[in-house]
Amino acid sequence: MNPIVEFCISNIANGSQESFEKLERDPNLDVLEYGCLSYCTKCAESLYALVNGEIVEADSPEELTQKVYQFIEENPLF
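For the protein, the name recorded in an unreviewed UniProt entry is UPF0349 protein EEX84_09410, with Planococcus salinus as its organism. Listed in UniProt under the heading Sequence similarities (unreviewed entry), the comment for the protein reads: "Belongs to the UPF0349 family."

Shown next as structure tokens:
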């Protein structure tokens, strides 16, 4: 089972698109996008993704990608 990384389409439009595209190319991740993840305050304030249901935030797309991989490494599914 692959880790699940979820993005809000509004957050992608606000700057996390580069991170979304990089993570989407990783065959070991299931990357999904939704119209809304109901974290509107987070979405307006920073770049973020849900990784296995947990919020991962960053200030830049590069940092978000790095933090997603770090979170997955520190929180294995099994």
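So much for the structure itself; the text now carries on.
A. The environment of Ile4, seen in detail. Among the secondary structure elements, Ile4 is positioned in strand E1 (residues 4–8). Under the relative-accessibility criterion, Ile4 is labelled partly exposed at 29%. Residues Ile4 and Ala49, 45 residues apart in the sequence, show an inter-C-alpha distance of 9.9 Å.

B. Broad picture of the packing of helix H1 (residues 9–24) against helix H3 (residues 61–74). Contact geometry of H1 with H3 gives a least axis separation of 8 Å together with a crossing angle of 40 degrees. If you check the angle between H1 and H3, you find them oblique. Handedness of the H1/H3 crossing: right-handed. Contacts between H1 and H3 pair Gly15, Ser16, Glu18, Ser19, Lys22 and Leu23 from the former with Pro61, Glu62, Leu64, Thr65, Val68 and Tyr69 from the latter. When its residues are assigned to classes, the contact of H1 with H3 shows five nonpolar, four polar and three charged.

C. Expanded view of H1. Counted at 1.5 Å a residue, the expected span for H1 with its 16 residues is 22 Å, but the 14 Å between its end C-alpha atoms falls short. Of all the bends in H1, the greatest measures close to 105 degrees and is centred on Ser16. Among the residues making up H1, those that are buried are Asn11, Ile12, Ser16, Ser19, Phe20 and Leu23. Where H1 is buried, its residues meet E1, strand E2 (30–34), helix H2 (40–45), strand E3 (47–51) and H3.

How each quantity is defined
- Residues numbered from 1 in each chain as written.
- Predicted model: local features only at pLDDT ≥ 70, side-chain atom pairs only at ≥ 80, totals over all residues.
- Heavy atoms only, no water.
- UniProt positions renumbered as here; feature names shortened; annotations may be inferred.
- Helix = DSSP H or I, 4+ residues; strand = E, 2+ residues; numbered from the N terminus.
- Buried < 20%, exposed > 50% of the residue type's maximum accessible area, 1.4 Å probe, protein only.
- Axes fitted to C-alpha atoms, helices over the stretch in contact; angles between N-to-C directions.
- Parallel < 35°, antiparallel > 145°, perpendicular 65-115°, else oblique.
- Left-handed = near helix turned anticlockwise from the far one by under 90°.
- Contact = heavy atoms within 4.5 Å.
- Nonpolar A, V, L, I, M, F, W, Y, C, P; charged D, E, K, R; others polar.
- Expected span 1.5 Å × (residues − 1).
- Bend = angle between axes of the 7 residues up to and from the residue.

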